[in-house]
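# Residue-level structural notes
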Amino acid sequence: MKTLLLFFLTLSALSAQDDLYETGRILYLDKSCNTCHGMKAEGMTQYPALANTSRGYLSYKLKHFRDGKADTQQQEMMLIYAKSLTNAEIEALVEYLSNFVDPGGERYDVEVENWGDGGS
């Protein structure tokens, strides 16, 4: 009986995580994060990649921006976007971005180094 209860508790926790991930995905698009950070959170030009970034870092930065704090002039743009975020919205965005999986099946590896001369 305990095993069955544990199974259902685990299943409901996974379902809640899936719901939070989907909520984060919707928020990412609704809040227009994709316009600067890309549809796959891969980053664009001077805007950083967010896909598969650590939960703690994402949460810290979003709350930092929401509180009106920016470390660089470039980051000041985020203050406008983050000021209206609730804790629940930040949690959903963090869930989505820290566990980002490309719908095509690719998961970004943020540990890959892309330096070099291209093999010439």
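Look a little higher up for the structure.
Position labels on residues start from 1 in each chain and follow its written sequence. The predicted nature of this model means local features are confined to residues of pLDDT at least 70 and side-chain atom pairs, given and counted, to a pLDDT of 80 or more, with totals for whole chains, interfaces and linings taken over all residues. Hydrogens and waters are ignored; side-chain quantities use all the structure's heavy atoms.

## A word on helix α3 (residues 55-66)
Let me state the cut-off plainly: Elements are defined by DSSP. Helices are runs of H or I of four residues or more, strands are runs of E of two residues or more, and each kind is numbered from the N terminus. One less than the residue count of a helix, multiplied by 1.5 Å, gives the span that helix is expected to have. The buried label applies to any residue whose accessible area, calculated with a 1.4 Å probe on protein chains only, is under 20% of its type's maximum; exposed applies above 50%, and partly exposed to all values in between. Residues are treated as being in contact if the distance between any of their heavy atoms lies within 4.5 Å.
A rise of 1.5 Å per residue sets the reference length of α3, with its 12 residues, at 16 Å; its end C-alpha atoms lie 16 Å apart and thus fit the reference within 8%. Listing the buried residues of α3 in full gives Leu 58, Ser 59, Lys 61, Leu 62, His 64 and Phe 65. Here the buried face of α3 lies against α4 (77-82) and α5 (87-98). Gly 68 sits one or two residues past α3 and shows a positive phi near 85°.

## Overview of the side chain of Lys 61
Test applied: Polar contact is defined as a pair of N or O atoms within 3.5 Å, subject to the rule that within protein one atom must be able to donate a hydrogen and the other to accept it, and that residues adjacent in sequence are counted only when both atoms are side-chain atoms.
Mapped onto the fold, Lys 61 is located in helix α3. Looking at Lys 61, its side chain comes within polar contact range of the side chain of Asp 71, at 2.9 Å. Leaving out residues up to four positions away in the same chain, Lys 61 has contacts with Asp 71 and Gln 75.

## Some details on the packing of aromatic side chains
Formally: For Phe, Tyr and Trp, where Trp contributes only its six-membered ring, two rings pair if their centres lie within 6.5 Å, and the inter-plane angle classes them as stacked under 30 degrees, edge-to-face over 60, or tilted in between.
A full pass over the atoms with the stated rule returns 3 aromatic pairs. Relative to Tyr 96, the ring of Tyr 28 has its centre 5.6 Å away and its plane inclined at 50°; by these criteria the two rings are tilted. With Tyr 28 in helix α1 (residues 2-30) and Tyr 96 in helix α5, this residue pair connects regions lying 68 residues apart in the sequence.

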